[in-house]
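Chain and residue survey
Residues per chain, in single letters:
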Amino acid sequence: MKYIVRAIKYFAYLAIILCIFIVLLSLFGVVGSTLDDIFKDGAASLWKIAGIIAVFAAIYPHLGFGRRNAFVPGAYDEIRLGVVDLMHDRGYVLEDESGENLKFRLQSPVMRITRMLEDRVTFTRTATGFELEGPVKDLVRIVSALEAKFRPE
């Protein structure tokens, strides 16, 4: 279900961005002011464009969100504060803590909106550290920072 919601959000996001782009081009006189002037097939092109956007929106949640494992040795009580501090330095705030699992979200409302409120990073405790779930581009940076910070001497 989460996948479908993300795909719908990205479809709307991409469609809005494309509309803004076309309106700006039209206002600056780069393209004409009617659909027939802007697109080769006029209004019929909108269905083709919507189909292309739908394909991208359907694929992106699979590529943009995922899970990564971070090797973080130590007892939870010893590493918890370090994890929270590291995430705070990266602009995240602790949203929820249940047992040894943590959920963070971006602190900046502007960044949250630009990511369509899909900014949560979930830390699930494992035997060797944490399994992180969230946006892949953030996970890569967070995992490398965690492993560097908690690397055994």
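Reading guide: rules and limits
Residues numbered from 1 in each chain as written. Predicted model: local features only at pLDDT ≥ 70, side-chain atom pairs only at ≥ 80, totals over all residues. Heavy atoms only, no water. 1 Å grid on protein atoms, 1.4 Å probe; cavity = no way out; pocket = protein on both sides within 12 Å on 5 of 7 lines; lining within 4 Å. Points joined across faces, edges and corners; volume = space filled by probe spheres on them. Helix = DSSP H or I, 4+ residues; strand = E, 2+ residues; numbered from the N terminus. Axes fitted to C-alpha atoms, helices over the stretch in contact; angles between N-to-C directions. Parallel < 35°, antiparallel > 145°, perpendicular 65-115°, else oblique. Left-handed = near helix turned anticlockwise from the far one by under 90°. Contact = heavy atoms within 4.5 Å. Nonpolar A, V, L, I, M, F, W, Y, C, P; charged D, E, K, R; others polar. Salt bridge = Lys/Arg side-chain N within 4 Å of Asp/Glu carboxyl O. Buried < 20%, exposed > 50% of the residue type's maximum accessible area, 1.4 Å probe, protein only. Patch = residues over 30% accessible without salt bridge, like charges linked within 9 Å, V, L, I, M, F, W, Y side chains within 5 Å. Areas by Shrake-Rupley, 256 points an atom, 1.4 Å probe, with all protein chains shown as cover. Core = buried A, V, L, I, M, F, W, Y, C linked by side-chain atoms within 4.5 Å.

A few points about the layout of surface pockets
Empty space among the atoms becomes apparent when a probe as large as a water molecule is rolled across them. Quantified by volume, the largest pocket comes out at close to 340 Å³. Lining the largest pocket are 17 residues, with Lys2, Arg6, Phe65, Glu118 and Glu133 sitting closest to its centre. Sorting the residues of the lining of the largest pocket by element identifies α1 (2–27), α3 (44–64), β1 (65–71) and β5 (129–135) as the ones contributing at least two each. Contributing to the lining of the second largest pocket are 14 residues, with Ala15, Leu18, Cys19, Ile22 and Leu46 lying nearest its centre. Looking at the lining of the second largest pocket, the elements that each hand over two or more residues are α1, α2 (35–38) and α3. At seven residues, α1 tops the list of elements feeding residues into the lining of the second largest pocket.

Side note on the packing of α1 against α3
Their axes nearest at 8 Å, the elements α1 and α3 cross at an angle of 135°. Here α3 runs oblique to α1, going by the angle between their axes. Considering how the two elements wind past one another, α1 and α3 form a crossing that is right-handed. Counting all contacts with α1, which are made through Tyr3, Arg6, Ala7, Tyr10, Phe11, Leu14, Ala15 and Leu18, the residues of α3 involved are Ile49, Ala50, Ile53, Ala54, Phe56, Ala57, Ala58, Ile59, Tyr60, Pro61 and His62. Class assignment for the residues of the contact of α1 with α3 results in 17 nonpolar, one polar and one charged.

Describing the pattern of salt bridges
Inspection of the entire model under this criterion finds twelve salt bridges. One salt bridge in this structure joins Lys48 and Asp41, with 2.8 Å as the shortest N-O distance. Asp41 gets classed as partly exposed once you look at its relative accessible area, which sits at 40%. One salt bridge connects Glu95 with Arg120, and the closest N-O pair in it is separated by 2.6 Å. Residue Glu95 is found in strand β2 (residues 92–98), and its partner Arg120 is found in the loop between α5 (109–114) and β4 (121–126); the two are separated by 25 residues along the sequence. Judged by its relative accessible area of 34%, Glu95 is partly exposed. The class for Arg120 is partly exposed, based on a relative accessible area of 36%. Counted as one network, the salt bridges with shared partners bring together Arg6, Lys9 and Glu118.

Quick look at the packing of helix α4 (residues 76–89) against helix α6 (residues 136–149)
The N-to-C vectors of α4 and α6 enclose an angle of 135°; their axes lie 11 Å apart at closest approach. Here α6 runs oblique to α4, going by the angle between their axes. In this structure, α4 crosses over α6, and the sense of that crossing is right-handed. Along its contact with α4, which presents Gly82, Val83, Asp85, Leu86 and Met87, the element α6 presents Ile142, Ala145, Leu146 and Lys149. Looking at the contact of α4 with α6 residue by residue, the classes come out as six nonpolar, one polar and two charged.

Describing a nonpolar patch on the surface
A grouping of Ile16, Ile20, Val23, Leu24, Leu27, Phe28 and Val30 is seen on the molecular surface, where their side chains present a nonpolar patch of about 750 Å² in accessible area. When you line up the elements, Val23 lands in helix α1.

A closer look at the nonpolar core
If you look at the biggest cluster of nonpolar residues, it comprises 22 residues, and the most contacted ones within it are Phe123, Leu132, Ile142 and Leu146. Listed by contribution, the elements that provide at least two residues to this core are α4, β3 (101–106), β4, β5 and α6. The element best represented in this core is α4, accounting for six residues. Not counting residues up to four positions away in its chain, the partners in contact with Leu132 are Gly66, Arg67, Arg68, Ala70, Val121, Thr122, Phe123, Leu139, Ile142, Val143 and Leu146.

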